[in-house]
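Take a look at the letters that make up each chain.
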Amino acid sequence: MAEAAPHVKLLPTYADIEVANRRIAGIGIVTPLLESPWLNRELGGRLLIKAENLQVTGSFKLRGAANRMKALTEDEHRRGVVARSSGNHGLAIAYCASLIGTSATVVVPETAPAAKVVRIRGYGATVVQAPMQKIAEVAAEIASREGRVFVDPADDFWVVAGQGTVGLEIAGQAEALGAKIDDVVVPCSGGGLAGGCALALEQRSPGTRVHGVEAAGFEKMANSLAAGRRINLPPGGRSICDAIAGLYMAEIPFDILRNRLAGIFAATDEEALMAMRGAFSEFGLGVEPGGAVALAAVLSGKMPISGKTVVAVLSGRNVNPDLARRALEQEAA
């Protein structure tokens, strides 16, 4: 008997991102592109901040979730959805489910920030907590037992296309500013945001390079690129950057990025805290640690911007108050 051909997931295209942009209009907002003249002088280049932390539900995850939920068939809508999430994807799924009138179950790690769990429940979703290494397994079991549609936070055609609308907006906003973007720096865990942005910018701003930033100790993308295949992580690492500290390297984003990503950096907890302080002091923005790592790569000098125009994406704001206080108190000290 001949071997079955390996399963290959369908990759979204630029046209799919344009469809997503129309589909999610009215659910999300067009987030601003900001800059600080003082910071530009200090860095010797032009730094533009894509403030996705101002997005509805507090992160870019709303875009992919809205695109997937709006694409549900009548039967899928009736059955409801289930998602695994460190928090932001689950919050976006719960919100969108409440908007379109379907049910949602969200499986989160036992270590998920309380602020995210409370908000997920607040939108009417059922929350199931499990060990980090078990959340995918638990979500799959619920999908099978209850007949729910599983919505992956990164390894999903519609989700990646939805996240690509961030890149679409960056290109249009930079053009309106008369700015030619040299580099875009994006927080990276499963790679959905980086993959979507790479597809959008490849079409809209062909000379722009896309870089990812992972949490130190959770370098799935760097390991996968070095190996030439997807590498998942074993449990056991620790980081305050919970939003990007997952263990799974998603297939669709990896296939998009393996020949498109210009570079990958790792940000430490201290660098993330520094970037949180910088976002607050220079832009008046609250950012969670994982959402601040692209800015951290710039401020730490890992991503030099001297003589260039660089966009750093602040991907989320959903941080526990005690951690936000820790970041700001360090500045005061």
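Parameters at a glance
- Residues numbered from 1 in each chain as written.
- Predicted model: local features only at pLDDT ≥ 70, side-chain atom pairs only at ≥ 80, totals over all residues.
- Heavy atoms only, no water.
- UniProt positions renumbered as here; feature names shortened; annotations may be inferred.
- Pairing = 2+ DSSP bridges.
- Helix = DSSP H or I, 4+ residues; strand = E, 2+ residues; numbered from the N terminus.
- Contact = heavy atoms within 4.5 Å.
- Axes fitted to C-alpha atoms, helices over the stretch in contact; angles between N-to-C directions.
- Buried < 20%, exposed > 50% of the residue type's maximum accessible area, 1.4 Å probe, protein only.
- Polar contact = N/O pair within 3.5 Å; in protein donor to acceptor, adjacent residues only side chain to side chain.
- Salt bridge = Lys/Arg side-chain N within 4 Å of Asp/Glu carboxyl O.
- Disulfide = S-S within 2.5 Å.

Named according to an unreviewed UniProt entry, the chain is Threonine dehydratase originating from Sinorhizobium fredii. Word for word, the UniProt comment on the chain under Sequence similarities (unreviewed entry) is "Belongs to the serine/threonine dehydratase family." According to UniProt, the comment filed for the chain under the heading Cofactor (unreviewed entry) is "pyridoxal 5'-phosphate".

A. Molecular detail of the sheet that holds strand S1 (residues 33-34). On the basis of which strands lie adjacent, the open sheet formed by six strands has the order S1-S2-S10-S7-S8-S9 and mixed pairing. This sheet does not close on itself; its edge strands, each paired only once, are S1 and strand S9 (261-267). Pairing of strand S8 (residues 209-215) with S9, which is carried by six bridges, proceeds in the parallel orientation. When the bridges of S9 are listed, His-211 appears paired with Gly-263. Helix H8 (residues 157-177) contacts S1, strand S2 (46-51), strand S7 (183-187) and strand S10 (309-314) of the sheet and is inclined by roughly 135° relative to S2. Along the sheet, helix H12 (residues 269-283) makes contact with S1, S2, S9 and S10, crossing S9 at roughly 100°.

B. Fine view of the UniProt feature "domain: Tryptophan synthase beta chain-like PALP" (unreviewed entry) in the chain. UniProt's feature table lists "domain: Tryptophan synthase beta chain-like PALP" (unreviewed entry) at residues 29-316, given in the numbering used throughout. Within the segment residues 29-316, helix and strand shares are 44% and 17% respectively, and the terminal C-alpha atoms sit 14 Å apart.

C. Layout of the side chain of Glu-76. Summarising the element assignment, Glu-76 is placed in helix H4 (residues 74-79). Looking at Glu-76, the relative accessible area reads 16%, which means it is buried. Polar contacts involving the side chain of Glu-76 include one to the main-chain amide nitrogen of Thr-73, which spans 2.9 Å. Each residue touching Glu-76, except ones within four places of it in the same chain, is listed here: Arg-68, Ala-71 and Val-149.

D. Broad picture of the pattern of salt bridges. Here the structure, examined in full by the defined rule, presents 23 salt bridges. Measuring nitrogen to oxygen at the nearest pair gives 2.7 Å for the salt bridge that ties Arg-145 to Glu-141. In this pair, Arg-145 and Glu-141 both sit in helix H7 (residues 135-146), four residues apart, roughly one turn of the helix. A relative accessible area of 53% means that Arg-145 is categorised as exposed. With relative accessibility at 38%, the residue Glu-141 sits in the partly exposed group. A salt bridge links Arg-260 to Glu-202; its shortest N-O distance comes to 3.0 Å. Residue Arg-260 is found in the loop between helix H11 (251-257) and S9, and its partner Glu-202 is found in helix H9 (residues 192-204); the two are separated by 58 residues along the sequence. The exposure class of Arg-260 is partly exposed, given its relative accessible area of 34%. Given a relative accessible area of 43%, Glu-202 falls into the partly exposed group.

E. Quick peek at the state of the cysteines. Within this structure, the stated rule accounts for zero disulfides. This cysteine, Cys-96, is not joined by any disulfide, and Cys-197 carries the nearest cysteine sulfur, 18 Å off. The exposure class assigned to Cys-96 is buried, which follows from its relative accessible area of 2%. The thiol of Cys-241 is unpaired, and the distance to the nearest cysteine sulfur, on Cys-188, comes to 13 Å.

F. Broad picture of the pairing of S2. Most of S2 sits out of view: five of its six residues are buried. Note that S1 and S2 share two bridges and pair antiparallel. The residue bridging Leu-34 from the neighbouring strand is Ile-49, located in S2. Relative to S10, S2 runs parallel, the two being bridged by six bridges. Residue Leu-48 lies in a different strand from S10, and its bridge partner there is Val-311.

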